[in-house]
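# Chains, contacts and geometry: an overview
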Amino acid sequence: MSRQPSTRRSSFDEIESIVTHADAGLDPAHSIAPPVYQTSTYRIPEGTDLGAVADTPRHPGFYTRHGHPTHSRVETILARLEGAQAALAMSSGVAAVTATVMTLVSAGDHIVAQQGLYIGSQNLLRNVLPRFGVEATIVDQRDAEAFRAAMRPNTRLFMMETPCNPLLTITDLDRVAAIARARGIQTLVDNTFATPVNQRPLRHGIDIVVHSATKYLGGHSDLSAGVVAGRAELIARIWKSHLVLGGVLGPFESWLLLRGLRTLPLRMRHVNQTAQAVAEFLAAHPRVTTVYYPGLKSHPQHELARRLMSGFGGVITFEVRGGYTVAHEAIRRLQVITHAVSFGGTESLIVHPAEMWHGVFTDEQLREGGVSPSLVRLGIGLENAADLIADLAQALEGA
Ligand SMILES: *Cc1c(COP(=O)(O)O)cnc(C)c1O
């Protein structure tokens, strides 16, 4: 019997199929699971024009800083998930943000960035870019028009993150993208909290998406990685910066990331459902004063979140009655939920932002940023909702 032509896998559009098959055919090996190419360099086949290979952007068989077979697979899946022409994998989320921003701005340029960006992105804007002659204005993203008001003739980039720390605010991507487009300004969205399962910023007119793949994309708290996705021309330029900045994703980390991506839609469905149940439990609890979760009707931007997102992710923040001491004590009493920074792995993690940041920011700065002493951040993992709720109930009641 002759083999069917391999058109079978060319026509899928759904995320579950994309994460399973979009990288098929990118590897000559016949193994079902991909090999780990634990290598920094590659044999040069006879007759190769080495000069041409060295000059080929992102060649996956020249030198691992330029490209790698497993990176190609991860990038193909991520580009499909985000609806982008191309993607580029790097060693961390901050590596992806830095390489992207350093590509898009030059001395004398200006950035408009929203409040509450990831701390590494804030550090880039506050402490690194000014030394290279790039200024940034921070605006309240709950008003899309604030981006327009902050624009200057030299504004090149709008930076967003939605939902974002600490109060899970939502940025109106359609409106901010329209303001930027009218002026030829590039738009960048950190989509780490949502993942492409729940939100695809490029569909809303955004130019570039970045992720900390350390979180949900990897999904198991066992790797650091970052990804940027967008138009091929932009990704090619970002790759040139990346060659110099050097945030190369290790081969084994990229293999782990590929493995994590296979289950991303399944994991996110579970996380979305569990987080909704936990948020509703917390909202009804007498020892909790406020819950911030875009899936709750009480979230001030719930309607906007519904327009942008198909699910609301696993990060919930809430304030406990009794302030710093009670928040601290409740976290200490938890037995299923683990006290640790980060989120997006199989296990639920919880952190007390006021405790984490008091060395970096003054109390005044923390309050201005929405971090009250009683605020707690919970990242939902893959446990059963009933067990998480029981754990939170006993901890809150005992605290
Ligand atoms: C963790 C995180 C980052 C930074 O990613 P690393 O992989 O830790 O470098 C960036 N943005 C968001 C929203 C994050 O949560």
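Further remarks concern helix α16 (residues 385-398). Across its 14 residues, α16 extends 20 Å between first and last C-alpha, which sits within 8% of the 20 Å expected from 1.5 Å per residue. Summarising the contacts, the buried residues of α16 are in contact with α11 (264-283), β8 (288-292), β9 (315-320), α13 (323-333) and β12 (375-379). Put simply, N384 is the residue that caps the front of α16, since its side-chain oxygen is 2.8 Å from the backbone nitrogen of A386.

A negative phi holds for most residues other than glycine; trans holds for most peptide bonds. A cis amide bond links T162 to the next residue, P163, at an omega of -5°. If you trace the backbone, P163 turns up in the loop between β4 (155-161) and α7 (173-181). Cis geometry marks the peptide bond from N165 to P166; its omega dihedral reads -15°. Take P166: it is sitting in the loop between β4 and α7. Located in the positive-phi region is R58, a residue other than glycine, with phi close to 60°. Looking at the element boundaries, R58 is found in the loop between α2 (50-54) and α3 (69-82). Classification of R58 as partly exposed rests on a relative accessible area of 22%.

Further remarks concern the site of the ligand. Every one of the 13 residues lining the ligand counts as a neighbour, but G93, D190, S212, T214 and K215 are closest to it. In the environment of the ligand, an oxygen atom lies 2.7 Å from a nitrogen or oxygen atom belonging to the side chain of K215. When isolated, the ligand has an accessible area of 380 Å², and the protein chains bury 91% of it. Applying the majority rule of atoms within 2 Å of the grid points places the ligand in the largest pocket. Of the residues assigned to the shell around the ligand, the class counts are five nonpolar, five polar and three charged.

Bringing the packing of aromatic side chains into the picture now. Applying the stated criterion across every chain, the model contains six aromatic pairs. On the basis of an interplanar angle of 50° and a centroid distance of 5.3 Å, the ring pair of F147 and F158 is categorised as tilted. Separated by 11 residues along the polypeptide, F147 in helix α6 (residues 145-150) and F158 in strand β4 bring together distant segments of the chain. This pair shows no difference in class: F147 is buried, exactly as F158 is. Measuring from centroid to centroid gives 6.5 Å for Y293 and F312, while their planes differ by 80°, and the two rings are edge-to-face. With Y293 in the loop between β8 and α12 (302-308) and F312 in the loop between α12 and β9, this pair connects stretches of sequence that are 19 residues apart. An aromatic cluster is built from F193, Y216 and F343, whose rings are joined through pairwise contacts.

A few words now on the pattern of salt bridges. Inspection of the entire model under this criterion finds 20 salt bridges. A salt bridge links R269 to E16, with the shortest nitrogen-to-oxygen separation between them at 2.8 Å. Here E16 lies in helix α1 (residues 15-21) and R269 lies in helix α11, a separation of 253 residues in the sequence. Taking relative accessible area as the criterion, R269 reaches 39% and is therefore assigned partly exposed. D207 is the partner of R231 in a salt bridge, and the nearest nitrogen-oxygen pair spans 3.0 Å. Of the two residues, R231 is situated in the loop between β7 (226-230) and α9 (232-245) and D207 in the loop between α8 (195-198) and β6 (208-212); the sequence distance between them amounts to 24 residues. We classify R231 as partly exposed; its relative accessible area is 32%. The network of salt bridges with common partners includes R181, D207, R231, E233 and R237.

Glancing now at the confidence of the model for the protein chain. Chain-level statistics for the protein chain give a pLDDT mean of 95 and a share of 97% at 70 or above. A low-confidence stretch, residues 1-9 stays under pLDDT 50, and its non-local contacts, those more than four residues away or across chains, total two contacts.

What follows is about the pairing of β4. Of all seven residues that make up β4, six are buried, and the element is covered over most of its length. Alignment of strand β2 (residues 110-114) against β4, held across four bridges, turns out to be parallel. Its bridge partner being in β4, A113 is matched across the sheet by M159. Pairing of β4 with strand β5 (residues 186-190) involves five bridges; the strand directions are parallel. Each residue of the ladder has a partner; that of E161, found in β5, is D190. The parallel pair β4 and β5, bridged by α7, forms a crossover whose chirality is right-handed.

With that settled, consider the packing of helix α4 (residues 93-104) against helix α5 (residues 119-128). At a minimum axis distance of 9 Å, the contact between α4 and α5 shows a crossing angle of 30°. For the pair α4 and α5, the crossing hand works out as right-handed. Contacts from V94, V97, T98 and V101 in α4 reach G120, S121 and L124 in α5. Classifying every residue of the contact of α4 with α5 by side-chain character gives four nonpolar, three polar and no charged.

Rules behind the numbers
Residues numbered from 1 in each chain as written. Predicted model: local features only at pLDDT ≥ 70, side-chain atom pairs only at ≥ 80, totals over all residues. Heavy atoms only, no water. Helix = DSSP H or I, 4+ residues; strand = E, 2+ residues; numbered from the N terminus. Expected span 1.5 Å × (residues − 1). Contact = heavy atoms within 4.5 Å. Polar contact = N/O pair within 3.5 Å; in protein donor to acceptor, adjacent residues only side chain to side chain. Buried < 20%, exposed > 50% of the residue type's maximum accessible area, 1.4 Å probe, protein only. Near = heavy atom within 4 Å. Areas by Shrake-Rupley, 256 points an atom, 1.4 Å probe, with all protein chains shown as cover. 1 Å grid on protein atoms, 1.4 Å probe; cavity = no way out; pocket = protein on both sides within 12 Å on 5 of 7 lines; lining within 4 Å. Sits in = over half its atoms within 2 Å of the grid points. Nonpolar A, V, L, I, M, F, W, Y, C, P; charged D, E, K, R; others polar. Phe/Tyr/Trp six-rings, centres within 6.5 Å; stacked < 30°, edge-to-face > 60°. Salt bridge = Lys/Arg side-chain N within 4 Å of Asp/Glu carboxyl O. pLDDT = per-residue confidence, 0-100. Pairing = 2+ DSSP bridges. Right-handed = clockwise from strand over helix to strand, strands pointing away. Axes fitted to C-alpha atoms, helices over the stretch in contact; angles between N-to-C directions. Left-handed = near helix turned anticlockwise from the far one by under 90°.

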